[in-house]
Amino acid sequence: MAATSATTFSIGSNTSASIKVGLLSQSKASCVKFTSKNYPRSFSALKATNSVSCESESSFLSSESCAALKHSYITKARKHNLRSYGYVQPQASYKVAILGAAGGIGQPLALLIKMSPLVSELNLYDIANVKGVAADLSHCNTPSKVSEFTGTSELADSLKGVNVVVIPAGVPRKPGMTRDDLFNINANIVKTLVEAVADNCPDAFIHIISNPVNSTVPIAAEVLKQKGVYDPKKLFGVTTLDVVRANTFVAQMKNLKLIDVDVPVVGGHAGITILPLLTKTKPSVTFTDEEVQELTVRIQNAGTEVVEAKAGAGSATLSMAYAAARFVESSLRALDGDSDVYECCYVQSDLNDLPFFASRVKLGKNGVEALISSDLQGLTEYEQKALEALKPELKASIEKGLSFLQKQPVSA
Ligand SMILES: NC(=O)C1=CN([C@@H]2O[C@H](COP(=O)(O)OP(=O)(O)OC[C@H]3O[C@@H](n4cnc5c(N)ncnc54)[C@H](O)[C@@H]3O)[C@@H](O)[C@H]2O)C=CC1
Ligand SMILES: O=C([O-])CC(=O)C(=O)O
C-alpha cells in the first residue's frame with residue numbers, strides 16, 4: 001500500500017516493534033507504512049521479528065496494533081518537537097502571542113511555533129520591526145494565521161483571547177556581564193508587559209524568557225497579584241535551555257542517542273543556581289566525580305560560552321528558540337488534554353524554603369498539576385552541597401524581584 005502525501009517522523013527506536021522510521025499517511029488515517037531509506041522494514045520483516053501477529057499486510061494496516069504504533073509515533077514525535085517541513089495537518093486551535101517577536105529569540109521562535117499543528121493563531125508583538133517578520137512568516141504554508149502588532153497602542157489587541165504568552169522581550173548580555181546586570185532595563189519591560197497580560201488574557205499560561213529569570217518571574221508574580229489575577233500554576237520561568245544543554249552535553253560525553261537522554265535541571269537560571277542532577281539522568285548513566293564536575297560547570301556556564309563566542313552580538317538565540325518552542329509545545333499538549341507532559345521550569349514552589357524554584361513539573365490543562373519532588377531525594381553529597389550553595393544567591397534574586405514592585409506599583 002503506497003503512503004501518499006506522507007509525513008516523515010524520525011523518532012528513534014520504537015521499543016514495541018523495533019521500528020526506527022515510519023511514514024505516516026495523511027490520506028488514510030489508519031495506515032502506517034514502515035519503509036525508509038535508513039531502516040527498510042516491511043510488513044514481512046516485522047512479521048519475521050514477531051512484532052506483528054496479523055496474517056496479511058492489509059489486515060495489519062487496519063489493526064489496533066497499527067493504530068497504537070501510529071499513536072506512539074505521533075506522541076514521541078510531538079514530545080521531541082519533531083517537525084515536518086511539508087504541510088502540517090491542524091490538530092488543535094490554540095492562540096499564542098510572542099512579546100519581543102522581532103528579536104534574536106523572537107524570530108526563530110516564531111518560525112518554530114508557526115510549524116506547530118496545535119496553533120491556529122500566532123500574534124507577534126514588538127516595539128519595532130515586527131511588520132516585516134510577520135509578512136515573511138505568514139507565507140509559510142502551515143495552519144496558523146500570523147498577525148503583527150507594533151508599539152504599546154497595539155499591545156492589548158495582541159493579547160486578546162491568547163492561551164499562551166511567551167515573553168523574550170528585553171536586552172541580552174554582552175561579554176563581562178551577569179544576567180543580573182540586565183535587571184534595571186528588563187525588570188521594567190517585564191512589568192509593563194505582564195500588566196497588559198493581566199488586563200487582557202489573565203487565564204493564559206505565561207512563559208518568561210527575559211533575564212534575569214530568577215528575578216523577572218517574581219516580578220511577574222507580584223504584578224499579577226497586584227492586579228488580582230495571579231495563578232501560580234500558570235506562571236513559568238523558561239529554563240528548558242538548561243535541560244536541552246544538559247541532554248546534549250551528557251549524550252556527547254557518554255556517546256548516547258540524544259533522543260533518549262533526559263537530565264533534570266533544578267534551582268534557577270543563572271550561574272551556580274543552575275543545578276543539573278546528573279545522577280537522575282535517564283537512561284541511567286554513571287559518571288566519575290571529575291565528569292560530574294566538568295559537566296556541571298559546563299552546563300552552568302553554557303550561556304556565557306555563547307555570549308563570549310558572539311563577542312558583543314548578544315546571547316543564545318537559536319538554541320533558546322528551540323528550547324522555548326519545546327516548552328510552548330509541551331504547554332499546548334497539556335492544554336489539549338495530554339496527561340503525560342513533564343518539563344523542568346522555574347515556578348512558585350514549596351519543595352524547599354525558596355518561594356520560586358526550578359524543578360520538573362507535571363503540566364495539565366490548568367498549568368502546574370504537580371511539582372516532582374522525587375528528583376530532589378537521594379542526592380549525592382556533591383548535589384546536596386551544590387543545592388545548599390545556590391540557595392542564598394537564588395533567595396537574593398527572588399527578593400530583588402519581589403521588592404521591585406514596592407518601588408514601582410502596577411498601573412491601574
Ligand atoms: N531564559 C533563558 O534561558 C534565556 C533568556 N534570554 C534572554 O532573552 C532576552 C531577549 O534576548 P534576545 O532575543 O537575544 O534579545 P534581542 O535584543 O535580540 O531581542 C529583544 C527584543 O525585545 C524587544 N523589546 C524591547 N523592549 C520591548 C518592550 N517593551 N516590549 C516588547 N518588545 C520589546 C526588542 O525590540 C527586540 O526585538 C534577554 O533578556 C536574554 O537575556 C536569552 C537566552 C536564554
Ligand atoms: O546567558 C545569557 O545571558 C542568556 C541565557 O540566559 C542563556 O543562554 O542561558
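Residues numbered from 1 in each chain as written. Chains lettered and ligands numbered in written order. Predicted model: local features only at pLDDT ≥ 70, side-chain atom pairs only at ≥ 80, totals over all residues. Heavy atoms only, no water.

## Describing the pairing of strand E5 (residues 119–126)
For a regular strand, side chains alternate in direction, first toward one face of the sheet and then toward the other. Our working rule: Relative accessibility decides the category of a residue: with a 1.4 Å probe and only protein chains considered, values under 20% of the type maximum give buried, values over 50% give exposed, and everything between is partly exposed. Helix and strand definitions follow DSSP, with helices as H or I runs of at least four residues and strands as E runs of at least two, each counted in order from the N terminus. Two strands qualify as a pair provided that DSSP identifies no fewer than 2 bridges between them. With its strands directed away from the observer, a crossover is right-handed exactly when the path from the first strand over the helix to the second travels clockwise.
With six of eight residues buried, E5 is to be regarded as a mostly interior element. Relative to E5, strand E4 (residues 94–99) runs parallel, the two sharing six bridges. Bridging from a neighbouring strand, alanine 97 pairs with asparagine 123 of E5. With helix H4 (residues 106–114) bridging E4 and the parallel E5, this β-α-β connection has right-handed handedness. For E5 and strand E6 (residues 145–150), the ladder comprises six bridges, and the chain directions are parallel. If you follow tyrosine 125 over to E6, its bridge partner there is phenylalanine 149. The parallel pair E5 and E6 is bridged by helix H5 (residues 130–137), and the resulting crossover is right-handed.

## Focus on the environment of aspartate 375
Just so we agree on the cut-off: Here, residues are in contact when the closest pair of their heavy atoms is within 4.5 Å.
The topology assignment puts aspartate 375 in the loop between strand E14 (367–371) and helix H13 (381–407). Assessed through its relative accessible area of 6%, aspartate 375 is described here as buried. Counting along the chain gives 109 residues from aspartate 375 to valine 266, while the straight-line C-alpha distance between them is 8.9 Å. What aspartate 375 contacts, discounting residues up to four positions off in sequence, is Pro264, Leu277, Lys280 and Arg360.

## Quick word on the site of ligand 1
Spelled out, the test is: Proximity is defined per residue: if any heavy atom of the residue lies within 4 Å of a molecule or strand, that residue is considered near it. Counting of polar contacts relies on pairs of N or O atoms within 3.5 Å, with two restrictions inside protein: one atom must be capable of donating a hydrogen and the other of accepting it, and residues adjacent in sequence are counted only when both atoms are side-chain atoms.
Near ligand 1 lie 28 residues; those nearest to it are Gly104, Ile105, Asp126, Val171 and Asn211. A distance of 3.2 Å separates an oxygen atom of ligand 1 from a polar backbone atom of glycine 103. Within the backbone of isoleucine 209, one N or O atom sits 3.1 Å away from a nitrogen atom of ligand 1. For the shell around ligand 1, the elements supplying multiple residues, two or more each, are E5 and helix H7 (183–200).

## A short note on the UniProt feature "domain: Lactate/malate dehydrogenase N-terminal" (unreviewed entry) in the protein
Rules: UniProt positions are given in the numbering used here, feature names are shortened, and annotations may be inferred rather than shown by experiment.
UniProt's feature table lists "domain: Lactate/malate dehydrogenase N-terminal" (unreviewed entry) at residues 95–237, given in the numbering used throughout. With 38% helix and 21% strand, the stretch residues 95–237 has end C-alpha atoms that lie 20 Å from each other.

## Topic: the site of ligand 2
So the rule is basically this: To measure how exposed things are, a 1.4 Å probe is used in the Shrake-Rupley method; for residues, cover is taken only from the protein chains shown. Following the grouping adopted for this structure description, the nonpolar residues are Ala, Val, Leu, Ile, Met, Phe, Trp, Tyr, Cys and Pro, the charged ones are Asp, Glu, Lys and Arg, and the polar ones are all others, Gly among them. Note that domain bounds follow an automatic or database assignment of domains.
As a structural note, the neighbourhood of ligand 2 is formed by Arg173, Arg179, Asn211, Leu241, Arg245, His269, Gly303, Ser315 and Ala316. For ligand 2, an oxygen atom lies 2.9 Å from a polar atom in the side chain of arginine 179. Within the side chain of histidine 269, an N or O atom sits 2.6 Å from an oxygen atom of ligand 2. Starting from 260 Å² of accessible surface for ligand 2 in isolation, the protein chains cover 95%. By residue class, the composition of the shell around ligand 2 is two nonpolar, four polar and three charged. Looking at which domains feed residues into the shell around ligand 2, each of domain 2 (94–238 + 399–407) and domain 3 (240–396) gives three or more.

## Quick notes on the nonpolar core
Selection rule: Think of a nonpolar core as a cluster: buried Ala, Val, Leu, Ile, Met, Phe, Trp, Tyr and Cys residues, connected wherever their side-chain atoms sit within 4.5 Å.
If you look at the biggest cluster of nonpolar residues, it comprises 49 residues, and the most contacted ones within it are Leu99, Leu159, Val165, Ile167, Ile208 and Leu235. Where this core is concerned, the elements lending two or more residues are E4, helix H6 (155–159), strand E7 (164–167), H7, strand E8 (205–208), helix H8 (213–226), strand E13 (356–364) and H13. Residue contributions to this core peak at eight residues, all from H7. Split by domain, this core shows at least three residues from each of two domains, domain 2 (94–238 + 399–407) and domain 3 (240–396). When near neighbours in sequence (up to four residues on either side) are disregarded, leucine 235 contacts Ile206, Ile208, Val217, Ala220, Ala221, Leu224, Tyr230, Tyr346 and Val347.

## Re the UniProt feature "domain: Lactate/malate dehydrogenase C-terminal" (unreviewed entry) in the protein
In this structure's numbering, the residues bearing the UniProt feature "domain: Lactate/malate dehydrogenase C-terminal" (unreviewed entry) are residues 239–404. Counted over residues 239–404, helix gives 47% and strand 17%. Its end C-alpha atoms are 22 Å apart.

## Here we look at empty space enclosed by the protein
Note the threshold: Points on a 1 Å grid, built from protein atoms alone, make a cavity when a 1.4 Å probe fits but cannot get out and make a pocket when they are open with protein on both sides within 12 Å along at least 5 of 7 lines; residues with an atom within 4 Å of a point are the lining residues. Grid points are joined across faces, edges and corners, and a volume is the space filled by probe spheres set on the points.
Applying the stated criterion across every chain, the model contains one cavity of 30 Å³ or more. Estimates place the volume of the largest cavity at around 40 Å³. In this structure, the largest cavity is lined by Pro202, Ala204, Ile206, Leu224, Val229, Asp231 and Lys234. Considering only residue class, the lining of the largest cavity consists of five nonpolar, no polar and two charged.

## Remarks on the pattern of salt bridges
Filter applied, for reference: For salt bridges, the criterion is a side-chain nitrogen of Lys or Arg within 4 Å of an Asp or Glu carboxyl oxygen.
Enumeration according to the criterion identifies 17 salt bridges in this entry. In this structure, glutamate 195 and lysine 191 form a salt bridge, with 3.1 Å as the shortest nitrogen-oxygen distance. Of this pair, glutamate 195 and lysine 191 both sit in helix H7, four residues apart, which is roughly one turn of the helix. The two residues glutamate 195 and lysine 191 agree in class, both being buried. Two residues, arginine 326 and glutamate 343, come together in a salt bridge whose shortest N-O distance is 3.1 Å. One end of the pair, arginine 326, is in helix H12 (residues 318–335); the other, glutamate 343, is in strand E12 (residues 341–348), with 17 residues separating them in the sequence. For the pair arginine 326 and glutamate 343, one class covers both residues: buried. Within the structure, one salt-bridge network assembled from shared partners comprises Asp353, Glu388 and Lys391.

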